[in-house]
Each structure stands twice: as structure tokens, then as C-alpha cells.
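A look at the structure
Below, each chain spelled out in residue letters.
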Amino acid sequence: VQLQASGGGLAQAGGSLGLSCAASGGTFRDYSFAWFRQAPGKEREFVAAIKRYGGATSYADSVKGRFTISRDNAKSTVSLQMNSLRPEDTAVYYCAADRGVITSSMSMARAYDYWGQGTLVTVSS
């Protein structure tokens, strides 16, 4: 499956941005998806994930209550709505996908074989 992330940009602290990840080349409903992010000088970290077949979700503690991940199987798109943004949310955000993600592995980068190119989110204070 190929992943194309979009929607990054500049926002002020307290503002909102929405990211989209368009998937192609696979049967969308068979894949679980996740968003990871990587800030300058830091390691890639888990943000949110949504499973196939039922859409169970998981969030990093740092974004819980502020970010919402969703999927549209008809449009083969996964979205990340980011509200109450903070300067520490500044990072390149990556969309990832895989068919064999189990619940206990949803937050692990190694659980996902397919990655998009990343989209930059900058939050100013």
C-alpha cells in the first residue's frame, strides 16, 4: 500500500490542524493505521492509531483528549484532527499502515511496514 500524507502547516498555540493520509494500492479496510511524529533532534514517537475491522483507537498520553484519529473506508483515508495545539506538537508527522497489527503493538513503529513521506506541523507560541 502507498501512503500520501497531507495537511501540515503552521498553527498558533491553541489552534487546530487536520492531517490526512490517503492510501492506495491495497484493500484499505484490511489495514490498521497510525500516526507517528518526529521533532528535530528527537526520536520518532507514537501519536495515535486506529485498527482495522472495528476501528479501535489508541493515543499517546501527550495527545489524549486533544487529537482524534479516524478512518473513512469509503474514501481510503485516515485523518488526524489536532486541537489545542502546543509548541511541543511541532514535528514531522508520518502516516503508517500494516495489516497484522495486534492491539498490544499499536503504538510500536516496528509493527508497521508501510510509511508515508511525512508532513510538517509547526506550532508557534
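For the structure itself, look to the data block above.
A quick note: this is a predicted structure, and the numbers were derived from the prediction, not measured.

When helices and strands are counted, the protein shows zero helices and eleven strands. Going residue by residue from the N terminus, the α and β elements of the protein occur as β-β-β-β-β-β-β-β-β-β-β. In terms of overall dimensions, the protein is globule-like: its C-alpha atoms have a radius of gyration of 13 Å, near the 14 Å expected for 125 residues. Summarising the internal contacts of the protein: among those between residues at least 6 apart in sequence, 59% fall at separations of at least 24. For the protein, the separation between the mean place of its 13 positive charges and that of its 9 negative charges on side chains is 4 Å.

The next point concerns the state of the cysteines. Summed over all chains, the structure comprises one disulfide. Paired by a disulfide, cysteine 21 and cysteine 95 hold their sulfur atoms 2.1 Å apart. Classification of the bridge connecting cysteine 21 and cysteine 95 rests on its S-S torsion, roughly -80°, and on that basis the disulfide is left-handed. In this pair, cysteine 21 sits in strand 3 (residues 17-24) while cysteine 95 sits in strand 9 (residues 91-98), placing the two residues 74 residues apart along the sequence.

Burial of strand 11 (residues 119-124) is one-sided: the residues Thr119, Val121 and Val123 facing one way are buried, the residues Leu120, Thr122 and Ser124 facing the other way are not. By the bridge criterion, four bridges tie strand 2 (residues 9-12) to strand 11 in an arrangement that is parallel. From the neighbouring strand, glutamine 12 faces strand 11, where its bridge partner is serine 124. Pairing of strand 9 with strand 11 involves three bridges; the strand directions are antiparallel.

Mapped onto the elements of the fold, aspartate 89 is located in the loop between strand 8 (77-82) and strand 9. A polar contact of 2.8 Å, which involves the side chain of aspartate 89, links it to the backbone nitrogen of arginine 86.

Taking every second residue as pointing to the same face, the buried face of strand 1 (residues 2-6) carries Leu3 and Ala5, while none of Gln2, Gln4 and Ser6 on the other face is buried. Direction of pairing for strand 1 relative to strand 3: antiparallel, over a ladder of five bridges. Counted as the bridge partner of glutamine 4 is alanine 22 from strand 3.

Another point: the packing of aromatic side chains. Any aromatic ring pair is given by two values, namely how distant the centres are and how the planes are angled relative to each other. Throughout the structure, instances matching the rule amount to six aromatic pairs. Summarising the aromatic geometry, the rings of phenylalanine 28 and phenylalanine 33 are spaced 4.7 Å apart at their centres and angled 25° between planes, so their arrangement reads as stacked. When its relative accessible area of 6% is taken as the criterion, phenylalanine 28 is described as buried. Given a relative accessible area of 0%, phenylalanine 33 falls into the buried group. When the centroid spacing of 6.1 Å and the interplanar angle of 75° are considered together, the rings of tyrosine 31 and tyrosine 114 count as edge-to-face. With tyrosine 31 in the loop between strand 3 and strand 4 (32-38) and tyrosine 114 in strand 10 (residues 114-115), this pair connects stretches of sequence that are 83 residues apart. You can call tyrosine 114 partly exposed: its relative accessible area is 29%. By way of ring pairs, the aromatic residues Phe28, Tyr31, Phe33 and Tyr114 are connected into one cluster. Note that arginine 44 overlies the ring of tyrosine 94, its terminal NZ or CZ placed 4.0 Å from the centroid. Residue placement shows arginine 44 over the ring face of tryptophan 115; its charged tip is 4.8 Å from the ring centre.

Procedures and definitions
- Residues numbered from 1 in each chain as written.
- Predicted model: local features only at pLDDT ≥ 70, side-chain atom pairs only at ≥ 80, totals over all residues.
- Heavy atoms only, no water.
- Helix = DSSP H or I, 4+ residues; strand = E, 2+ residues; numbered from the N terminus.
- Rg over C-alpha atoms; globule rule 2.2 N^0.38 Å.
- Contact = heavy atoms within 4.5 Å.
- Lys, Arg positive; Asp, Glu negative; His and termini not counted.
- Charge placed at Lys NZ, Arg CZ, Asp CG, Glu CD.
- Disulfide = S-S within 2.5 Å.
- Buried < 20%, exposed > 50% of the residue type's maximum accessible area, 1.4 Å probe, protein only.
- Pairing = 2+ DSSP bridges.
- Polar contact = N/O pair within 3.5 Å; in protein donor to acceptor, adjacent residues only side chain to side chain.
- Phe/Tyr/Trp six-rings, centres within 6.5 Å; stacked < 30°, edge-to-face > 60°.
- Lys NZ or Arg CZ within 6 Å of the ring centre and 35° of its normal.

What is shown is where atoms sit, not what they do.
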